[in-house]
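# A look at the structure
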Amino acid sequence: MDKFTVHTGVAAPLKRSNVDTDQIIPAEYLKRVTRHGYEDALFSAWRKDPEFVLNKPIHANATVLVAGPEFGTGSSREHAVWALQDYGFKVVISARFADIFRGNSGKGGLLAAQVEPSVVDALWAYLDENPGSEITIDLENRRVRAGDVNEPFEIDDYVRWRLLEGLDDIGITLNHDEAIADFESRRPEYLPTTK
Amino acid sequence: MGKTLAEKVWQSHIVRQAEGEPDLLYIDLHLIHEVTSPQAFDGLRTAGRQVRRPDLTMATEDHNVPTIDIDKPIADAISKLQVDTLRANCEEFGVPIFSLGNVDQGIVHVVGPQLGLTQPGMTVVCGDSHTSTHGAFGALAFGIGTSEVEHVLATQTLPLKPFKTMAITVNGQLPDDVTAKDLILAVIAEIGTGGGQGYVLEYRGEAIESLSMEARMTICNMSIEAGARAGMIAPDQTTFDYVQGRERAPKGAQWDEAVAAWQRLGTDDDATFDAEVIIDAASLSPFVTWGTNPGQGLPLSGSVPNPVEIEDQGERVAAENALEYMGLTAGMPLRDISVDTVFLGSCTNGRMEDLRAAAAVLRGHKVADSVTMLVVPGSVRVRLDAEAEGLDKVFIEAGAQWRQAGCSMCLAMNPDKLTPGERSASTSNRNFEGRQGPGGRTHLVSPQVAAATAITGHLSAPADLANA
């Protein structure tokens with residue numbers, strides 16, 4: 001995983017709440033067995049509308065999505081994170097993320113920056129006045145900056161550290177193999193097995 | 001101070017704890033299916049890793065399997081590739097799998113409990129958000145993403161931050177015509193699609209204690225629709241009776257030892273929750289959704305809301321969008337909404353009791369000419385049990401289609417889907433835009449409402465049939 005420190009990129013406003021993972025990537029695209037190549041699937045239903053925000057040429061190179069609250073609700077599909085990343089997004093900003101989506105983002109290296117609702121409103125206002133403008137997300141200092149907007153965002157300390165270091169969770173856990181084996185030796189015998 | 005059920009299960013599974021780091025939790029049961037696992041197995045292969053505990057892992061094929069002609073090769077080439085990939089991965093890594101044609105194939109959240117693999121006090125994960133279903137047994141069960149699937153395959157653990165706890169206390173008894181589905185839809189409408197975020201919900205109170213295991217599974221199943229990764233219910237005699245005698249349940253002296261441990265799991269009297277919601281069971285009635293998220297629901301006796309009257313701006317815009325997508329007019333009585341398709345099935349309502357309840361409503365009636373009704377049992381065993389009781393005949397004689405087991409039209413990854421503009425009454429869990437097929441319109445309902453709706457052709461409760 002690449003290290004994430006500071007990112008500056010074109011921001012697209014997605015003025016909707018409850019953007020569920022079925023909207024981010026419909027189930028018909030989940031039949032693939034690869035981890036990449038989902039750029040065409042991202043918001044595929046909404047992208048059929050020429051007026052959809054990502055269809056505006058000014059957002060062609062957007063890397064930051066500024067969305068309404070309850071982003072990523074519904075299905076656990078990590079494909080939602082992959083589709084956003086394959087399309088080019090590095091950061092999603094929202095006032096509230098669904099838990100599973102937020103977890104998946106951290107694993108895949110997509111930054112889910114949680115801000116106060118007023119900050120989303122301020123960013124939307126800024127982007128309305130300055131369409132196609134860039135936003136800076138500073139993970140080191142947990143700040144989001146755009147024009148006069150300079151506000152903090154929330155992210156879990158541990159996820160932040162992993163993103164800054166570009167670390168793989170499984171590698172970290174395998175260092176604790178002894179603790180896992182010790183736990184296994186103490187599990188009750190009545191617990192079921194699948195074999 | 002006392003502990004809650006969720007805290008007890010969490011604490012008994014901590015492998016490692018360190019300041020500033022997430023807890024490392026041991027996972028007792030890992031369920032996998034064809035959609036969210038291929039990239040995880042690929043990751044293992046790339047890193048040269050093994051599945052640590054194939055004996056605590058179980059696979060089944062459910063999300064995109066066909067529900068007709070299952071003896072023939074899967075027609076959709078991409079679905080076939082995904083199922084074939086799962087079979088090859090299970091073979092390579094030694095993971096037990098229940099494939100199409102096996103008597104234990106079915107929706108992963110129906111199969112686990114049915115085999116007795118889901119037991120109180122366990123940690124259960126699956127790359128599927130409806131893993132919350134297993135919380136009905138007093139297990140801590142939640143959906144995970146594919147990276148986490150790979151993590152569990154490799155280490156049988158997950159690094160996790162503790163959840164907060166929320167009590168959903170349902171006082172009194174549910175009226176006779178109100179089901180577990182109506183109750184959970186009402187809870188979601190009450191706390192919102194984000195209300196449970198960061199929490200494990202514990203459903204408790206007299207109404208919950210009176211529910212059967214299958215009804216409890218319906219409740220816990222939809223916890224994720226309120227934003228909570230997990231929902232739990234304290235195990236009691238109802239739970240023990242359900243588990244006892246099942247294939248993977250403890251036997252003999254181990255059974256006694258297990259029950260003794262399970263009896264200590266319930267939330268202590270002096271434990272406190274981080275939040276509590278109280279619901280009066282007697283105030284509930286059959287409940288349906290009108291919009292495009294599961295929180296947009298109302299009693300069936302109500303009318304489509306007028307967005308202008310919604311104060312919160314975000315919710316108002318969401319309601320406007322929903323009415324446009326759903327093709328509904330504000331003020332229209334919900335009972336006047338005509339449907340084209342009725343879907344009975346899914347991990348929410350695809351079990352025996354659901355089929356029995358729907359069959360009881362349908363018996364002696366016909367599905368309206370304007371309606372197509374699909375009945376999709378949650379598992380092969382549910383299908384066989386239903387056939388042994390003659391339920392298949394009730395459905396077929398009423399004019400419904402009796403199908404093979406799978407997720408089917410809940411998420412339309414197989415050929416069972418709505419066409420654009422088509423409207424369904426569905427016993428599944430999500431009414432998102434396009435969930436049941438591009439452009440499809442979904443109303444979430446209970447099995448009883450689904451059956452009554454199939455007969456009348458518009459959203460109806462069984463009581464409406466008597467008045468007709």
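Helix and strand content of chain A: seven helices and seven strands. The linear arrangement of helices and strands in chain A, starting from the amino end, is β-α-β-α-β-α-β-α-β-β-β-α-α-α. When the backbone C-alpha atoms are referred to their principal axes, chain A occupies close to 65 × 40 × 25 Å. When each of the 195 residues of chain A is scored for burial, the buried share is 57%. In chain A, 67% of the contacts between residues at least 6 apart in sequence involve partners at least 24 apart. In the form shown here, chain A has an accessible surface area of approximately 8000 Å², with 46% of it arising from carbon and sulfur atoms. Here chain A holds 22 positive side-chain charges and 32 negative ones, and the gap between their average locations is 3 Å.

Moving on: the overall build of chain B. For chain B, the count of helices and strands is 17 helices and 19 strands. What you see for chain B is a C-alpha radius of gyration of 21 Å, in line with the 23 Å of a compact globule of 468 residues. Viewed in the frame of its principal axes, chain B has a C-alpha envelope of about 60 × 55 × 45 Å. Of all 468 residues assigned to chain B, the portion counted as buried reaches 66%. Long-range contacts, defined here as pairs at least 24 residues apart, represent 75% of the contacts in chain B between residues at least 6 apart. If you sum the accessible surface of chain B, you get close to 15300 Å²; carbon and sulfur atoms cover 48% of it.

Moving on, we get to the pattern of salt bridges. Pairing of side chains with opposite charge becomes possible as their charged atoms draw close. Scanning all chains against the criterion turns up 39 salt bridges over all chains. When the shortest N-O distance is used, the salt bridge between Arg216(B) and Asp236(B) registers 2.8 Å. Remark: Asp236(B) occurs in the loop between strand 11 (230–232) and helix 9 (237–243) and Arg216(B) occurs in helix 8 (residues 213–221); sequence separation between them is 20 residues. We classify Arg216(B) as buried; its relative accessible area is 0%. Arg248(B) is the partner of Glu247(B) in a salt bridge, and the nearest nitrogen-oxygen pair spans 3.5 Å. Overall, Arg248(B) belongs to the partly exposed group, its relative accessible area being 23%. What you see here is one network of salt bridges that share partners, running through Asp177(A), Glu184(A), Arg52(B), Arg53(B) and Asp55(B).

Let us now look at the interface of chain A and chain B. Between chain A and chain B, the contact holds 54 residues from the first and 79 residues from the second. Carbon and sulfur atoms supply 54% of the area buried between chain A and chain B, which totals about 5600 Å² over both sides. Looking at the side of chain A facing chain B, the largest losses of area belong to Lys31(A), Tyr190(A) and Thr194(A), adding up to 15% of the total buried there. At the boundary of chain A and chain B, one finds 10 salt bridges. Considering each element in turn, the side of chain A that touches chain B owes the most residues, six residues, to helix 7 (residues 177–185) of chain A. Its residues assigned to classes, the side of chain A that touches chain B comprises 19 nonpolar, 14 polar and 21 charged.

A few words on the confidence of the model for chain B. Taken residue by residue, chain B gives an average pLDDT of 97. The fraction at 70 or more is 100%. Our summary of model confidence lists the complex with pTM equal to 0.93 and ipTM equal to 0.94.

On to the pairing of strand 18 (residues 423–426) of chain B, then. All names here are of chain B. Along strand 18, one buried face is formed by Arg-423 and Ala-425 and the opposite face, lined by Ser-424 and Ser-426, is buried too. Relative to strand 19 (residues 441–444), strand 18 runs parallel, the two being bridged by four bridges. Bridged to Ser-424 within strand 19 is Thr-442.

Reading the values: the criteria
Residues numbered from 1 in each chain as written. Chains lettered and ligands numbered in written order. Predicted model: local features only at pLDDT ≥ 70, side-chain atom pairs only at ≥ 80, totals over all residues. Heavy atoms only, no water. Helix = DSSP H or I, 4+ residues; strand = E, 2+ residues; numbered from the N terminus. Buried < 20%, exposed > 50% of the residue type's maximum accessible area, 1.4 Å probe, protein only. Contact = heavy atoms within 4.5 Å. Areas by Shrake-Rupley, 256 points an atom, 1.4 Å probe, with all protein chains shown as cover. Lys, Arg positive; Asp, Glu negative; His and termini not counted. Charge placed at Lys NZ, Arg CZ, Asp CG, Glu CD. Rg over C-alpha atoms; globule rule 2.2 N^0.38 Å. Salt bridge = Lys/Arg side-chain N within 4 Å of Asp/Glu carboxyl O. Buried area = accessible area lost by both parts, 1.4 Å probe. Nonpolar A, V, L, I, M, F, W, Y, C, P; charged D, E, K, R; others polar. pLDDT = per-residue confidence, 0-100. Pairing = 2+ DSSP bridges.

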